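Observations on the three-dimensional arrangement
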Amino acid sequence: MELRHLRFFVAVAEAGSLTVAAEKTLHTAQPSLSRQIRDLEYEVGVSLMNRSVHGIELTAAGRAFLDHARLALTQAEAAGEAARRAAQRTKPTFAMGFLTGQEMDWLPEAMRILHDQLPNIEVTVSSQYSPDLADDLIRGKLDVAFLRREKQMDDLTYMLVTKEPLVVVLPSDHRLASHHTIDPHAIARETLISVSEKAPVLRVVIDDYLKRSGLDIVASHEVNNLAMAMSLVASMRGVALLPAYAKNFLPRSVVSRPLKGEAPTIDLVVGYHKANTSPILKSFLAKIDDLTARKSSKARSPRT
């Protein structure tokens, strides 16, 4: 059994068709792909999928095999990534990832606690959607990430950094902009801009809050990122519920207001892979409490 057999099997399972997987995913001939799948089934000793004119359907054995095949491919990719990183640099590398927009607040503090080690290490920084950060932690592309508490990531450990309240984001000349706080029921008839599945944790927090508030609001538009949210709020004259860090990116045509009453919160966490034995990571995690304390102290300090 070779990794290519696993890649072929996963591609067919996800496409639901040998023909589609061959043409659109693997770019190979369908007879050759069929032969590779038969070889895999021979090696495993059981039938993994049933074929028909309508496509393929995984057997019970195939469904069980699929999870392990995906894990094996992920681990193989992580091993290759670790080897490439070790071979390409003379200095140890520490790869940090940030939920897009959060690096503005947290990168300076993260670099501060790495200060003593900076002359001897190479730090790389990236910003992405939270699920992509979690995936990169699993694959060994990142050592640590500031992200949401993504579900079904058993290999990851999370440490709470802060709880961010949600705020209402709306046009600066909106009728509700003159309010110091906004009652959630006041947005019931507004055009709601919500988030897409690119932010699954935030979406659950928003939906749960609206449900608890007795509001049955269907979002008119869904956005993938803060820039798109600001653009639609301004152009569609809608409102959005977003974490407080979004206030760092408001254009002049858009403002934010606190929610009246107990606002919902969303966790920002530091995540890392349980199997990561990097001494730099160990040192970094030991100073997380200092990082959060320093950030909280700055937040409480009056601004001039």
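Everything that follows concerns the structure shown earlier in this document.
Everything in this summary refers to the structure shown in the same document. Every chain is numbered on its own, with residues counted from 1 as its sequence reads. Residues qualify for local features only when their pLDDT is at least 70, as the model is predicted, and side-chain atom pairs are given and counted only at 80 or more; totals for whole chains, interfaces and linings, by contrast, use all residues. Heavy atoms throughout the structure, all of them, feed into the side-chain values; hydrogens and water do not.

**Quick look at unusual backbone geometry**
Quick note on the threshold: The secondary structure listing takes helices from DSSP runs of H or I that are at least 4 residues long and strands from runs of E that are at least 2 residues long, numbered from the N terminus.
One non-glycine residue with positive phi stands out, namely His27, at about 55 degrees. Mapped onto the fold, His27 is located in the loop between α2 (18-25) and α3 (30-44). Positive phi values are uncommon outside glycine, yet Arg237 reaches one of about 55 degrees.

**Quick look at the environment of Gln102**
The following threshold applies: Each residue's exposure class comes from its accessible area (1.4 Å probe, protein chains only) as a fraction of the maximum for that residue type: buried when under 20%, exposed when over 50%, partly exposed otherwise. Two residues form a contact once any of their heavy atoms are found within 4.5 Å. The term polar contact refers here to a pair of N or O atoms within 3.5 Å; inside protein, the definition further demands a hydrogen-donor-capable atom paired with an acceptor-capable atom, and it admits residues adjacent in sequence only when both atoms are side-chain atoms.
Tracing the sequence through the fold places Gln102 in the loop between β3 (93-99) and α5 (103-113). Classification of Gln102 by relative accessible area gives buried; the value is 0%. Not counting residues within four places of it along the chain, the set of residues in contact with Gln102 comprises Leu107, Arg148, Glu164, Tyr245 and Leu268. Among the polar contacts made by the side chain of Gln102, one reaches the side chain of Glu164 at a distance of 3.1 Å.

**Comments concerning the pairing of strand β1 (residues 49-52)**
To keep things clear, this is the line we draw: For two strands to count as paired, DSSP must find a minimum of two bridges between them.
Bridge count for β1 against strand β2 (residues 55-58) is four bridges, and the pairing is antiparallel. Within β2, the residue paired with Asn50 across the bridge is Glu57. Hairpin connection from β1 to β2: two residues lie between these consecutive antiparallel strands.

**Looking at the packing of aromatic side chains**
How we decide: Aromatic pairing here means that ring centres of Phe, Tyr or Trp (its six-membered ring) are within 6.5 Å. Orientation follows from the plane angle: under 30 degrees is stacked, over 60 is edge-to-face, and everything else is tilted.
Within the structure shown, the criterion is met by five aromatic pairs. Note on Phe9 and Phe65: the rings are 5.2 Å apart at their centroids and 75 degrees apart in plane angle, and the pair reads as edge-to-face. Of this pair, Phe9 sits in helix α1 (residues 3-15) while Phe65 is found in helix α4 (residues 60-88), placing the two residues 56 residues apart along the sequence. Under the relative-accessibility criterion, Phe65 is labelled buried at 15%. Judged by centre distance (4.9 Å) and plane angle (10 degrees), the ring pair of Phe98 and Phe146 falls under stacked. Pair noted here: Phe98 is in strand β3 and Phe146 is in strand β5 (residues 144-147), with a separation of 48 residues, a long-range link.

**Details of the environment of Pro171**
Tracing the chain through its elements places Pro171 in strand β6 (residues 156-171). Between the C-alpha atom of Pro171 and that of Leu232, which follows or precedes it by 61 residues, the distance is 9.8 Å. Apart from residues no more than four positions distant in its own chain, Pro171 is found in contact with Ala177, Val233, Arg237, Gly238, Ser253, Val254 and Val255.

**A closer look at the nonpolar core**
We apply this condition: Residues enter a nonpolar core if they are buried and are Ala, Val, Leu, Ile, Met, Phe, Trp, Tyr or Cys, with the set joined through side-chain atoms within 4.5 Å.
Ranked by size, the top nonpolar core spans 49 residues in total, and within it Leu147, Leu166, Val169, Leu170, Leu210, Leu241 and Leu242 carry the most contacts. When residues no more than four places from it in sequence are discounted, the contact partners of Leu170 are Leu176, Ala177, Ile182, Val233, Gly238, Val239, Ser253, Val254, Val255 and Arg257. Of all hydrophobic cores here, the second largest spans 21 residues; its members include Ala22, Leu40, Met49 and Ile56.

Honestly, that's just the spatial picture; any functional story needs more than this.
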